[in-house]
Amino acid sequence: MKRRWLLLLPLLLGAVALLWAWQRPRPVTAVTPTRGEAIDAVFATGAVEPVVQLPVAPRVGGRLLALSADEGQSVKKGQLLARLETAEADAQLAELAARERQAQLALDRTEALVRQQFVAASEADRARAERDAVRAQAARVQAQRGYALLLAPEAGTVLRRDGEVGQFIPAGQAVFTLGDAQRLRVSAEVDEEDIARVQPGQPVVLRAAALGDGVFDGVVDAITPRGDPVARSYRVRIALAQPPAGLRVGMTVDANIVLARRTQALLLPTGVLQGQTVWVIDQGRARPRTLQLGARGQGKAEVLGGLDAKESVIAEPDGLKDGQRVKAAP
């Protein structure tokens, strides 16, 4: 009997040690919720662009012979920007001029014969129609030759030039992009899951990485009605109240579209969250709690429900068991 007790004694001591370890409170670091402003926002990325930008492209293809404007230059309406080769059109015009002279001589002879009543008047009508057809063809070629001259459709600044002298420019390919570099906006891409929450008139907080950590304000101006099915996003135009100094066309911008601002919101550090769950100290024991969360940002998460303002939340709950005794460290 004594030998049996000696064998059971280590097991009893182990059980007692485990029970004592379970009952001894584990020291934990606890935090309490704070009050502050919660901003519910939709994040998007975009780029700075002019409010009005006009591409200038030739209506006919040709080799670029001369450039009369460059990037950053201010131009007037109708000013010559570039000229394409017109050798083929010039040759056609020369040929048509010769054909027109021949048609005019034929018409003059026919009219003389009609006056002498050697031929019918219809012959003069036919000769006149042939001459007019050559003139119409020449006018068409002359118009096409004019397409080789790239003129500024409106006054503005040359924002971009894509073409070098000697390069072949296909019809419809923009050589210049004109716009007003002083009137800027931001064009941002918003995920299709968030676009239903975005409305014109909502304020926007923007930051351009090229300008440092400073932010500037904007407002949602318009939303494109058709999204991009590949990128699964919609384009949102953001008007700028007062663009900051140094903001340039083409700069990338981070945009936070503010949906709502709530003062005195209940906030928790995002580091204590495990998904939507936190561990609270309830009568000296660790208990998991599922929360209803709202806006997030700057290391804070808004608590909409499931937690009282005076409850203690365990900062590092890894390894805890439900009901385990805990004690907040001083």
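Residues numbered from 1 in each chain as written. Predicted model: local features only at pLDDT ≥ 70, side-chain atom pairs only at ≥ 80, totals over all residues. Heavy atoms only, no water.

K.L.:
Would you mind showing me how to read the overall build of the protein here?
P.N.:
Looking only at helices and strands, the protein features three helices and 22 strands. Against the 2.2 N^0.38 benchmark of 20 Å for 330 residues, the protein shows a C-alpha radius of gyration of 40 Å, more extended than a compact globule. Here the C-alpha coordinates of the protein stretch approximately 155 × 50 × 35 Å along the principal axes. Residues counted as buried form 30% of the 330 residues belonging to the protein. Restricting to contacts in the protein with at least 6 residues of sequence separation, those with at least 24 account for 73%. (Helix = DSSP H or I, 4+ residues; strand = E, 2+ residues; numbered from the N terminus. Rg over C-alpha atoms; globule rule 2.2 N^0.38 Å. Buried < 20%, exposed > 50% of the residue type's maximum accessible area, 1.4 Å probe, protein only. Contact = heavy atoms within 4.5 Å.)

K.L.:
What's the story with the packing of aromatic side chains in this structure? I'm lost.
P.N.:
Geometrically, a pair of aromatic rings is defined through the distance of the ring centres and the angle of the planes. Inspection of the entire model under this criterion finds zero aromatic pairs. Stacked on the ring of Y147, the Lys or Arg R59 has its end atom at 4.1 Å from the ring centre. (Phe/Tyr/Trp six-rings, centres within 6.5 Å; stacked < 30°, edge-to-face > 60°. Lys NZ or Arg CZ within 6 Å of the ring centre and 35° of its normal.)

K.L.:
Just to check I follow, could you spell out unusual backbone geometry for this structure?
P.N.:
Excluding glycine, most residues fall at negative phi; most peptide bonds, likewise, are trans. Look at Q264: it is not a glycine, yet its phi comes out positive at around 55 degrees. The topology assignment puts Q264 in strand β16 (residues 252–269). Look at Q283: it is not a glycine, yet its phi comes out positive at around 55 degrees. Its place among the elements puts Q283 in the loop between β17 (277–282) and β18 (285–290).

K.L.:
Help me understand the side chain of D40, please; the structure alone is not making it clear to me.
P.N.:
Checked against the element boundaries, D40 lands in strand β3 (residues 34–50). Polar contacts involving the side chain of D40 include one to the side chain of R197, which spans 3.0 Å. (Polar contact = N/O pair within 3.5 Å; in protein donor to acceptor, adjacent residues only side chain to side chain.)

K.L.:
Would you explain the pattern of salt bridges in this entry?
P.N.:
Going through the model one piece at a time under the given rule, you end up with 19 salt bridges. A salt bridge links E189 to R235, with the shortest nitrogen-to-oxygen separation between them at 3.1 Å. Of the two residues, E189 is situated in strand β12 (residues 184–191) and R235 in strand β15 (residues 233–240); the sequence distance between them amounts to 46 residues. E189 gets classed as partly exposed once you look at its relative accessible area, which sits at 31%. Across the pair D322 and R287 runs a salt bridge whose closest N-O atoms are separated by 3.1 Å. Of this pair, D322 sits in the loop between β21 (313–314) and β22 (326–328) while R287 sits in strand β18; the two residues are 35 residues apart in sequence, bridging distant segments of the chain. (Salt bridge = Lys/Arg side-chain N within 4 Å of Asp/Glu carboxyl O.)

K.L.:
Please explain the sheet that holds strand β7 (residues 80–84) as it appears in this structure.
P.N.:
Read from one edge of the open sheet, four strands run β8-β7-β5-β10, paired in antiparallel fashion. The sheet is open, and its two edges are formed by β8 (149–151) and β10 (168–169), each paired on a single side. Sheet topology note: the β7/β8 ladder contains three bridges and is antiparallel. Within β8, the residue paired with R83 across the bridge is L149. (Pairing = 2+ DSSP bridges.)

K.L.:
I would appreciate a short explanation of the sheet that holds strand β11 (residues 176–179) in the present structure.
P.N.:
As a general point, the strands of a sheet are linked pairwise by backbone hydrogen bonds and lie either parallel or antiparallel. Read across the sheet, four strands follow the order β4-β11-β9-β6 without closing on themselves; strand pairing throughout is antiparallel. Every other strand in the sheet has two partners, leaving β4 (53–56) and β6 (74–75) as the edge strands with one partner each.

K.L.:
Explanation requested: the environment of E88 in the structure shown.
P.N.:
Within the element layout of this structure, E88 appears in helix α2 (residues 87–115). Expressed as a C-alpha distance, the spacing of E88 and A143, which sit 55 residues apart in the sequence, is 13 Å.

K.L.:
Whenever I open this one, the confidence of the model for the protein confuses me. Can you help?
P.N.:
Low pLDDT marks stretches whose predicted atomic positions should not be read closely. Across the protein, pLDDT averages 85, with 93% of residues at or above 70. Looking over the protein, one finds the lowest element-wise mean pLDDT in helix α1 (residues 2–23), namely 54, and the highest in β15, namely 94. (pLDDT = per-residue confidence, 0-100.)

K.L.:
Where do I start with the packing of α2 against helix α3 (residues 121–146) in this structure?
P.N.:
Helix-helix packing: each pair is described by the crossing angle between the helix axes and the interaxial distance. Running from N to C, α2 and α3 cross one another at 165 degrees; their axes reach a closest spacing of 9 Å. Between α2 and α3, the angle falls in the class roughly antiparallel. The interaxial crossing formed by α2 with α3 has left-handed handedness. Residues of the contact of α2 with α3, tallied by class, amount to 13 nonpolar, five polar and nine charged. (Axes fitted to C-alpha atoms, helices over the stretch in contact; angles between N-to-C directions. Parallel < 35°, antiparallel > 145°, perpendicular 65-115°, else oblique. Left-handed = near helix turned anticlockwise from the far one by under 90°. Nonpolar A, V, L, I, M, F, W, Y, C, P; charged D, E, K, R; others polar.)

K.L.:
Just checking my understanding: could you explain the nonpolar core for this structure?
P.N.:
The nonpolar side chains of a soluble globular protein tend to be buried with one another. One finds V186, V190, L206, I238 and L247 to be the most contacted residues of the largest nonpolar core, which totals 22 residues. When contributions to this core are tallied by element, the ones reaching two or more residues are β3, β12, β13 (203–208), β14 (216–223), β15 and β16. Broken down by element, this core gets its largest block of residues, four residues, from β12. If we ignore the near neighbours within four places in the chain, the residues touching V190 are V42, A44, I195, V198, R232, S233, Y234, V236 and I257. (Core = buried A, V, L, I, M, F, W, Y, C linked by side-chain atoms within 4.5 Å.)

K.L.:
Where do I start with α3 in this structure?
P.N.:
In an α-helix, one turn spans 3.6 residues, which is why side chains three or four residues apart end up on the same side. The end-to-end C-alpha separation of α3 is 38 Å, in line with the 38 Å expected for 26 residues at 1.5 Å each. Residues of α3 that are buried include every one of A124, A127, R131, V134, A138 and V141, and no others. (Expected span 1.5 Å × (residues − 1).)

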